[in-house]
Amino acid sequence: MRNRRLDIIFYKPLLSYFLTDVVLLMLSFFVVLMWFPLSTQIPFQKYWAFALEFSAVWLITSYFTHRYVKVKFMRIGRSILRLFIASALTFLIMWVFMTCIAEGRNYSIMVLLTIWLAMVIISFIFILLFHAYHYALNAEPELERAPERGPQAVLRKPVLYEGDQRDNIKDTVCESTSEHVLEYLQKNVELYSSNTYIMRTAELFNIQKLKYYRFDTMINLMPLNQIRGINKMFGTVNDKLPDDGLFVCCFEPQGVLKRNIYNKYPPVINTIVYSFVFIYKRVIPRLFMTSRLYYDITEGKNRVLSKAEVLGRLCYCGFEIVDEHKMDDLVYVIARRSFRPQTVQRRTYGIFIKLNRIGKNGKMFNVYKFRTMHPYSEFLQEYIYKKYNLQDGGKFNHDIRVTTLGRFMRKFWIDEWPMFLNLLKGDMKLVGVRPISKQYFSLYSKELQETRVKHRPGLMPPFYADMPKTLEEIEASEMRYLTACEQNGTLRTDFVYFWKILYNILFRRARSN
């Protein structure tokens, strides 16, 4: 019993918390002694001993009030309570010390009060921010996945419904959607099969309770805009479906919300309203410190989703997009289960992105850019290429992944400013071939691939010197540049290309796509 009591009183403090208090104490003393009016002309010489004494008392009382216990074991209310207990004890001890023991040193009570208040306020703000960080960090618990499996088919042979059973299915679909949706489902999936499961739910439990591999087609008529854990739902459906099973979902794209607002309000006012809605529904949910709070308040209802985000989430969660079709302000997506993803956690997206690109000697490195695409767009590159192909200049034709702001940033190269970090790190040089992904790299000829990896990529590609339009012309342009580097030297070639590129940008209005 005695050892247990000692363990409660004496514990191993978290060093980072202890050192944080030391830094905050130093900051408080510096601010007060440097900027507050004092009677002495030499505040640091007079109060250095007082600073050490105050700091020692603060750290000791903080230790014995258990302020240096990990945050995950302590709620914010308890952290604040322990701060005020420790600070009250510190003030009381220092006041007794100044009036009874160190009376002859002429320490000012106002200095004690000011430093004490500064430390309490700074510590209080730090606790709020620290707990807010941990609150945001634990935004979404991991999904409990099904065990690993080999190739798996549906458990039962399908039976096609007839008569009243078929009519009941039609009524179920039409009650939630419309005749157009019914016709679309009849055409693209086995709607009247006993192995097709139709639901309208936002609750993960309703999918978790289903048997594994019982159905080869699952249809959820609840718009994804009303579902908080979209990745969790996709991951659970992926586990329940057999190999090549189909999943049908729907969502309201963000363009519908914008159209409704602009139709509802008069000019100018509609722009103002949409700006506020955009910040509330698109910006705040994406910020790390506010994302969890937003979803806790709204419970994930009426969220705004782009087509690129939904399709990207499906690809991330192990599905292949089969078809997409817009009906009655909703986009319906048919996806086929193609693999079992290792993880289906929520991904965070900030203003900066790191893109995995092929560098010199085939070594992969991260290219830094401002984000110009919707979330989860990085999982859509193959799908976009298959559906839309390439346009003039080697970019994807009708790239739905790029945001409106992103198009503006790309037009004036604003998104590429962070790439100067790659220049400083030595991953890239000023003039050189464009750093590209594995998927885009695979489109090049074998000869160009082998030549490309011998050189470092650059910030200013030869594309802007020659302005090619087709993929073949881009390959020819890069091969001319790389051949010139090998024959005439890289430094000389880069010098010539630099002025060609600069001329095209300034006088021929060459722009990034």
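Residues numbered from 1 in each chain as written. Predicted model: local features only at pLDDT ≥ 70, side-chain atom pairs only at ≥ 80, totals over all residues. Heavy atoms only, no water.

Even after reading the chapter, I still don't get the overall build of the protein, so can you show me in this structure?
The helix and strand tally for the protein stands at 21 helices and 9 strands. Counting over 513 residues, the protein shows a buried share of 46%. Contacts in the protein between residues at least 24 apart in sequence constitute 71% of all its contacts with a sequence separation of at least 6. Total accessible area computed for the protein in this model is approximately 28600 Å², and 60% of it derives from carbon and sulfur atoms. (Helix = DSSP H or I, 4+ residues; strand = E, 2+ residues; numbered from the N terminus. Buried < 20%, exposed > 50% of the residue type's maximum accessible area, 1.4 Å probe, protein only. Contact = heavy atoms within 4.5 Å. Areas by Shrake-Rupley, 256 points an atom, 1.4 Å probe, with all protein chains shown as cover.)

Where do I start with the sheet that holds strand β3 (residues 246-251) in this structure?
Sheet strands associate in pairs through backbone hydrogen bonding, adopting either a parallel or an antiparallel arrangement. Ordered in space as β1-β2-β3-β5-β4, the 5 strands form an open sheet in which the pairing is mixed. Every other strand in the sheet has two partners, leaving β1 (196-199) and β4 (319-327) as the edge strands with one partner each. Neighbour-to-neighbour, the strand axes of the sheet open up by a mean angle of 15°, direction not taken into account. Relative to strand β2 (residues 217-220), β1 runs parallel, the two sharing 4 bridges. Looking at β2, one finds that M199 is bridged to N220. With respect to the sheet, helix α7 (residues 179-188) is in contact with β2, β3, β4 and β5 (330-337), its orientation differing from that of β4 by roughly 150°. (Pairing = 2+ DSSP bridges. Axes fitted to C-alpha atoms, helices over the stretch in contact; angles between N-to-C directions.)

Can you help me understand helix α14 (residues 381-388) in this one?
Owing to its 3.6 residues per turn, the α-helix aligns residues three or four sequence positions apart on the same side. Among the residues making up α14, those that are buried are Q381, Y383, I384 and Y388. One side of α14 holds all its buried residues, which, seen down the axis, span an arc of 160°. Contact partners of the buried residues in α14: α13 (307-316), β4 and α17 (438-441). (Arc of directions from axis to C-beta.)

Is there a simple way to explain the pairing of strand β7 (residues 364-370) in this structure?
Successive residues of a regular strand alternate their side chains across the two faces of the sheet. Sheet topology places strand β6 (residues 352-358) next to β7; 7 bridges connect them, and they run antiparallel. Looking at the pairing, K354 lines up with Y368 of β7. The hairpin turn running from β6 into β7, its antiparallel successor, is 5 residues long, and N361 in that turn takes a positive phi close to 65°.

Which parts of the structure should I look at to understand a nonpolar patch on the surface?
A cluster of nonpolar side chains, contributed by L27, F30, V31, M34, W35, F36 and F44, occupies part of the molecular surface with about 720 Å² of accessible area. With 5 residues, helix α2 (residues 15-35) is the single largest residue contributor to the nonpolar patch. On the secondary structure map, F30 appears in helix α2. Residue classification places F30 among the partly exposed positions, given a relative accessible area of 43%. (Patch = residues over 30% accessible without salt bridge, like charges linked within 9 Å, V, L, I, M, F, W, Y side chains within 5 Å. Salt bridge = Lys/Arg side-chain N within 4 Å of Asp/Glu carboxyl O.)

Even after reading the chapter, I still don't get empty space enclosed by the protein, so can you show me in this structure?
Empty space among the atoms becomes apparent when a probe as large as a water molecule is rolled across them. Per the stated rule, a full pass over the model turns up 3 cavities of 30 Å³ or more. In this structure, the largest cavity encloses a volume near 40 Å³. Around the largest cavity, the lining residues are Q254, L257, Y274, V277, F278, K281, R282 and V304. Among the elements that take part in the lining of the largest cavity, helix α11 (residues 269-283) stands out by supplying 5 residues, more than any other. (1 Å grid on protein atoms, 1.4 Å probe; cavity = no way out; pocket = protein on both sides within 12 Å on 5 of 7 lines; lining within 4 Å. Points joined across faces, edges and corners; volume = space filled by probe spheres on them.)

Looking at this structure, how should I read the layout of surface pockets?
When its volume is computed, the second largest pocket comes out at roughly 980 Å³. Only α10 (254-264), α11, α13 and α15 (404-411) provide two or more residues apiece to the lining of the second largest pocket. Ranked by residues supplied to the lining of the second largest pocket, first place goes to α15 with 5 residues. By residue class, the composition of the lining of the second largest pocket is 16 nonpolar, 10 polar and 6 charged. (Nonpolar A, V, L, I, M, F, W, Y, C, P; charged D, E, K, R; others polar.)

The values reported here are purely geometric and, on their own, carry no functional implication.
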